[in-house]
Amino acid sequence: MGVDRISYLPPFIIHQIMSHLSRKQVAQTSILSKKWNYLLASFPIFNFDETDLFQSEFDILAAEKDVKELDITIKTDDKRLYIFPHIIYSAKLLTTLRLNGFKFEKPPDTIRFFFLKKLELVRVHISETVVEKLTSECVLLEELYFRRCWGLKCVCICKPDELKILQIHIAPSELERVKVDILGLQQLDLVLYQRLCEIDVSGCSQLKDLRLACCLFCDEEFHYLLSQFPLLENLSVSSCFVIKRIKISSDRLKNLSIGYCSDLEAIDVDTPNLLSFGYEYNSVPLSSMNAPCPWKVRLVIEHDLDTNWYLKLKKFLASEIKELTLRCTLNEVSFDLEEFRNGSPSPPCKVGYVSLSPTILSSDYGALLDALLWICYPKCLVVETWNNDHINLIEVQSSYH
Amino acid sequence: MSKLGQAKRIIFLKTADGQLFEVDEPVAMEFEIVKSFFDENEDAADDTVVPLPNVSAEPLAGIIEFCKAHVEFRANGAAGKDEVKKFNAEYIKEKSNEQLKELILAANYLNIKEMLDFLTETIANRLKNKSVEYVRAFFGIENDFTPQEEEAVRKEYEWAFEGVDED
């Protein structure tokens, strides 16, 4: 290809290009990069048609009257989902049901999944009526997963009372409203992709575990959501591209993980009882941290590094780090020791494990390593090199153990 | 809009890099953005210069060439015929991907639906049946998945990777 490339096209143009490709090739764009995976997930073209390829297999299945766990994946292209066969409703003793690649049509008048505890719907086209019916008639349901499902404008889950885990991952550009009102709910996963989706979860005040992925919340929406869960113990925020500042203050929080939030600029974390903190694939934030626990920090650095950046990094890291990984790409390093010492006279912090995988020029490589050692003393240093220029630069004289 | 019914009105367009273009009215009206400029400013004088601050001269010249031909095709009742296909094929033959991209961004800004459709289809044709690596190189995409993550995504879309030879 040489230099004849196309980069940085607006998303809807990319969608327009996708619309001229086969479904198969469009699906292949999922592994190009995270951004493209996201672009694919927000690609809104679907249509359905029916087949009865497997009717006889389902009949045999259903004949096994006491089947308890059922996991069926129909490998098709997303536009030919299999219509959910009514015969499966007769498997009355089911406790676990996992369906991948189906379309739900009108359900029978009563659903007899009296013992169903876990229902996982993957690539399923489903309507509000079916969801309402399933949640009100499967009274023992404890875990409910919608993963990459379509057809819902509104997800409203108010039953059953036993529900503990709920995951909502609906195709974008469809969802307008999410309402969850189950007092005993323990874990909620939201994968929304969507701006302007109304979220009402005020009925779940006992929630312990919240996982947000690809939720395009602005700062206010994010903090308002958090404020509704006073008992939260585990929080994971990933690929929320719009969030700029995160402020968390909680005595109860035990595990916090923030990842792939590309626009994140500042974090203010006051969590005295935290047990683990993960901060991965974001930039170095402006920070105010009270999180006395092992940290795992992974930074991907795509810009040039100057003294200010190192100062910001040192301020951020001034705590107990277990693991620090830096992945650099094509950076120039300009580090002024005098300026750095004036900015931050305190000694370097102790870090368990530092791993560097830079692809920078060897002339800047030494500078990067040097500067890094002014920030932290690693107990273990892992340096990836792939030519002799890099190796020759490293001359270790260590008196620190 | 033109009220006097002159035989041929000329519209003046000024690009980001300061070049002035003189375009026949029917061609300029293919650009939704120019059309709405005159719809909103009905009293605009005939020599009003429409500023196009997001388009530079090179792609604009290309777009005018395309739209001019298509306006003529329509006038001659040739729309959808082989003649048009031949012109389109000829038109993109020499264009580099970078030029295509400039054309797309400009056609998008000017809001010319037909041309945008044609250009995105052209890009799709250049990508058809190409490997993941090729597409990455084409768009200059850096793979930021860890091997485990990539494996997980591949699993999720398993059906799309069956029978595909990686190169």
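Just so it is clear, the structure is predicted and the values come from calculations on it, not from any experiment. (Residues numbered from 1 in each chain as written. Chains lettered and ligands numbered in written order. Predicted model: local features only at pLDDT ≥ 70, side-chain atom pairs only at ≥ 80, totals over all residues. Heavy atoms only, no water.)

### Things to note about the overall build of chain A
Threshold: Each helix corresponds to a stretch of at least 4 residues labelled H or I by DSSP, and each strand to a stretch of at least 2 residues labelled E; elements are numbered beginning at the N terminus. Categorising residues by exposure relies on relative accessible area from a 1.4 Å probe, with only protein chains included: less than 20% of the type maximum marks a residue as buried, more than 50% marks it as exposed, and the intermediate range marks it as partly exposed. Residue contacts are counted whenever heavy atoms from the two residues lie within 4.5 Å of one another. Every accessible area reported is derived by Shrake-Rupley at a probe size of 1.4 Å, with residue values counting cover from the shown protein chains alone.
Helices and strands together make up the secondary structure of chain A, namely 10 helices and 23 strands. Within chain A, the proportion of its 401 residues that are buried is 49%. When contacts within chain A are restricted to residue pairs at least 6 apart in sequence, those whose partners lie at least 24 apart make up 45%. Carbon and sulfur atoms provide 51% of the accessible area of chain A, an area that totals close to 18800 Å².

### Here's the deal with the interface of chain B and chain A
The line we're drawing: Buried area, as used here, totals the accessible surface that two parts lose on assembly, with accessibility defined by a 1.4 Å probe and the loss added over both. We define a salt bridge as a side-chain nitrogen of Lys or Arg found within 4 Å of a carboxyl oxygen belonging to Asp or Glu. In protein, a polar contact means a hydrogen-donor-capable atom and an acceptor-capable atom, both N or O and within 3.5 Å, with residues adjacent in sequence counting only if both atoms are side-chain atoms; elsewhere, any N or O pair within 3.5 Å suffices.
Contacts between the two partners involve 43 residues from chain B, matched on the other side by 35 residues from chain A. For the pair chain B and chain A, the two sides together bury roughly 3900 Å², of which 62% comes from carbon and sulfur. Looking only at chain B, the three residues that lose the most surface to chain A are Phe139, Tyr157 and Trp159 of chain B, adding up to 20% of its buried area. Put simply, Glu156 of chain B and Arg148 of chain A hold a salt bridge, and the shortest N to O gap is 2.5 Å. Taken together, the links from chain B to chain A amount to 12 residue pairs in polar contact (both at pLDDT 80 or more). Mapped by element, the contributors of at least two residues to the side of chain B that touches chain A are helix 5 (97-110), helix 6 (113-127), helix 7 (132-139), helix 8 (147-156) and helix 9 (158-161) of chain B.

### A look at the confidence of the model for chain B
Residues and elements named next belong to chain B. To keep things clear, this is the line we draw: Confidence scores here are pLDDT values: one per residue, from the predictor, ranging 0 to 100.
Averaged over all residues, the pLDDT of chain B is 86; the fraction at 70 or higher stands at 93%. Confidence scores differ between elements of chain B, with helix 9 showing the lowest mean pLDDT of 81 and helix 3 (residues 57-75) the highest of 94. Counting contacts from residues 1-6, a segment whose pLDDT is below 50, to residues more than four positions away or on other chains yields 11 contacts.

### A closer look at helix 5 (residues 128-137) of chain A
Each full turn of the α-helix corresponds to 3.6 residues, which orients residues three or four apart in the same direction. Val130, Val131, Lys133, Leu134 and Thr135 of chain A are the residues of helix 5 of chain A that are buried. Where the residues of helix 5 of chain A are buried, they touch strand 4 (118-125), strand 5 (143-149) and strand 6 (154-157) of chain A.

### What about unusual backbone geometry?
For the bond running from Lys159 of chain A to Pro160 of chain A, omega is -10°, close enough to zero to count as cis. Among the secondary structure elements, Pro160 of chain A is positioned in the loop between strand 6 and strand 7 (165-170). The residue Arg148 of chain A is not glycine, and still its phi comes out positive at about 50°. Inspection of the secondary structure puts Arg148 of chain A in strand 5. Non-glycine residue Asn111 of chain B carries a positive phi angle of around 65°.

### Quick notes on the environment of His15 of chain A
With respect to the secondary-structure elements, His15 of chain A resides in helix 1 (residues 11-18). Separated by 11 residues in the primary sequence, His15 of chain A and Val26 of chain A place their C-alpha atoms 9.5 Å from one another.

### Some points on the pattern of salt bridges
Pairing between side chains of opposite charge can happen when the charged atoms of each approach one another. Under the counting rule described, the total for this entry stands at 21 salt bridges over all chains. One salt bridge connects Glu150 of chain B with Arg154 of chain B, and the closest N-O pair in it is separated by 3.5 Å. Separated by four residues within a single helix, Glu150 of chain B and Arg154 of chain B lie in helix 8, roughly one turn from each other. The exposure class assigned to Arg154 of chain B is partly exposed, which follows from its relative accessible area of 21%. By sharing partners, the salt bridges in this structure join Asp71, Arg98, Glu120 and Arg147 of chain A into a single network.

### Quick word on the sheet that holds strand 17 (residues 286-290) of chain A
All names here are of chain A. Our working rule: Any two strands with at least two DSSP bridges between them are considered paired. In this analysis an axis means a line fitted to C-alpha atoms, helices contributing only their contacting stretch, and an angle means the value between N-to-C directions, from 0 to 180 degrees.
Across the sheet, three strands lie side by side as 13-15-17; this open sheet has parallel pairing. Two strands in the sheet have a free side with no partner beyond their single neighbour: strand 13 (245-249) and strand 17. Ignoring strand direction, the axes of neighbouring strands in this sheet form an average angle of 5°. One ladder, built from five bridges, connects strand 15 (residues 266-270) with strand 17; its direction is parallel.

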